[in-house]
Amino acid sequence: MSSTVSPAKAERAQAILEEEDALVSLHRAWYPPVQRPVVADRQPVNEDAIRRRRAELAREGVRWFDVSNRRRAVRTAEEMAHHDIDEAMAASSNWTEREERRLDAWWNALCGNDPVVVEQHLRGVFQSTDTPASPVSVAGGLLDVAVLIPGEHVLPSESVHLVGGDLSIRRASRSHRAQLHRQVVAGLLIAVARQAFAAAPGLTAVRCHALQATHRGRHDDLSAIGVVELSRVDLAVADLNVDAEALLHRYGSGLRWVTHTPDGPLRPLPLDDMPELADLLARLCRNALGEASDDRRPGVSAPA
């Protein structure tokens with residue numbers, strides 16, 4: 001690098017490189033595996049407060065110099081306090097047992113790939129992390145998930161080069177942006193699959209449908225630009241230091257990934273050859289991608 005590079009230019013180049021690195025590292029994010037929820041500790045029964053309350057109630061209306069009645073009131077208050085304490089402890093124990101049963105039912109349903117529970121849970125997980133994905137269906141251990149892909153507007157408008165040893169910052173070429181965008185798409189698909197596996201222990205495979213929205217007036221047109229099925233076993237051993245697109249080609253099953261040239265952009269998939277994708281897009285357009293539905297059922301409600 002030339003020694004004549006200004007600090008401002010070097011800083012600008014570093015910012016561009018860091019932005020690109022963040023975009024091509026989406027698939028490397030770590031997602032903590034879900035843990036079986038435990039019943040939160042309840043506030044212990046305050047026995048002293050119960051005794052004080054019973055004592056105050058018992059002394060009401062009894063004159064302070066009426067010693068015999070005051071003693072009788074104290075004994076009654078103690079008996080009533082014991083009864084109240086027993087009831088409060090029983091109620092606390094019953095609540096804990098009910099919560100344990102509820103959480104057991106939810107956890108078993110999640111691990112057993114109950115479609116309603118898994119979809120509801122993943123919808124919440126994706127929303128809580130601002131992941132642009134929405135579960136579509138669960139069949140056995142296979143999850144179908146729609147992933148809304150960002151357009152090229154998220155890419156840096158400039159790229160960094162070394163020309164004859166000199167630092168050069170240029171307007172990013174179409175091929176550079178296309179290749180970078182493909183890495184973003186591939187990285188996001190892998191990230192969504194890894195997040196789903198972390199959140200739903202029973203899933204064995206995730207089929208990601210990469211969808212892109214095109215603004216047309218007041219409406220958005222959705223088109224599919226990629227489909228890939230990824231297995232838990234493969235992603236568990238995959239070297240995430242490899243670039244995301246290479247990982248898709250290595251581990252992706254049923255990969256549909258159309259580019260006219262090696263450094264060209266992804267092309268919309270032909271729906272005439274894939275009626276299942278046409279059905280998926282129709283459903284998403286009706287239901288609005290990412291819209292949560294109230295599909296809770298008694299006995300398998302999510303942890304509070």
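Note that this is a predicted model, so its numbers are computed, not measured.

In this section: the overall build of the chain. Secondary structure assignment for the chain yields eight helices and seven strands. Look at the contacts in the chain between residues 6 or more apart in sequence, and 69% of them connect residues 24 or more apart. Total accessible area on the chain stands at roughly 17,600 Å², and carbon and sulfur atoms take up 51% of it.

Two elements, strand E3 (residues 158-163) and strand E4 (residues 166-171), share six bridges in a ladder whose sense is antiparallel. Counterpart to His161 in the pairing with E4 is Ser168. Between E3 and E4, which pair antiparallel and follow one another directly, the connecting turn spans two residues, one of which, Gly164, has a positive phi of 60 degrees.

Another point: the confidence of the model for the chain. Interpretation of this model should avoid reading the predicted coordinates in detail wherever pLDDT is low. Residues with a pLDDT of 70 or more make up 73% of the chain, whose mean pLDDT is 82. The least confident element of the chain, judged by mean pLDDT, is helix H8 (residues 275-287) at 64; the most confident is helix H6 (residues 232-237) at 97. Taken as a whole, residues 288-299 scores under 50 in pLDDT and shows 19 contacts with residues more than four places along the chain or in a different chain.

A separate point is the pattern of salt bridges. Applying the stated criterion across every chain yields a total of eight salt bridges. Between Glu158 and Arg12 there is a salt bridge, and its shortest N-O distance comes to 2.5 Å. In this pair, Glu158 is assigned in strand E3 and Arg12 in helix H1 (residues 7-23), connecting sequence segments 146 residues apart. Through salt bridges with shared partners, a single network forms among Arg36, Glu100 and Asp104.

Viewed as axis vectors pointing N to C, helix H4 (residues 115-128) and helix H5 (residues 174-199) meet at an angle of 125 degrees, and their least axial separation amounts to 10 Å. As summarised for this structure, H4 and H5 are arranged oblique, according to the angle between their axes. Between H4 and H5 the crossing geometry is right-handed. Residue-level inspection shows His121, Leu122, Val125 and Phe126 of H4 in contact with H5, the latter providing Val192, Gln195, Ala196 and Ala199.

What counts as what
- Residues numbered from 1 in each chain as written.
- Predicted model: local features only at pLDDT ≥ 70, side-chain atom pairs only at ≥ 80, totals over all residues.
- Heavy atoms only, no water.
- Helix = DSSP H or I, 4+ residues; strand = E, 2+ residues; numbered from the N terminus.
- Contact = heavy atoms within 4.5 Å.
- Areas by Shrake-Rupley, 256 points an atom, 1.4 Å probe, with all protein chains shown as cover.
- Pairing = 2+ DSSP bridges.
- pLDDT = per-residue confidence, 0-100.
- Salt bridge = Lys/Arg side-chain N within 4 Å of Asp/Glu carboxyl O.
- Axes fitted to C-alpha atoms, helices over the stretch in contact; angles between N-to-C directions.
- Parallel < 35°, antiparallel > 145°, perpendicular 65-115°, else oblique.
- Left-handed = near helix turned anticlockwise from the far one by under 90°.

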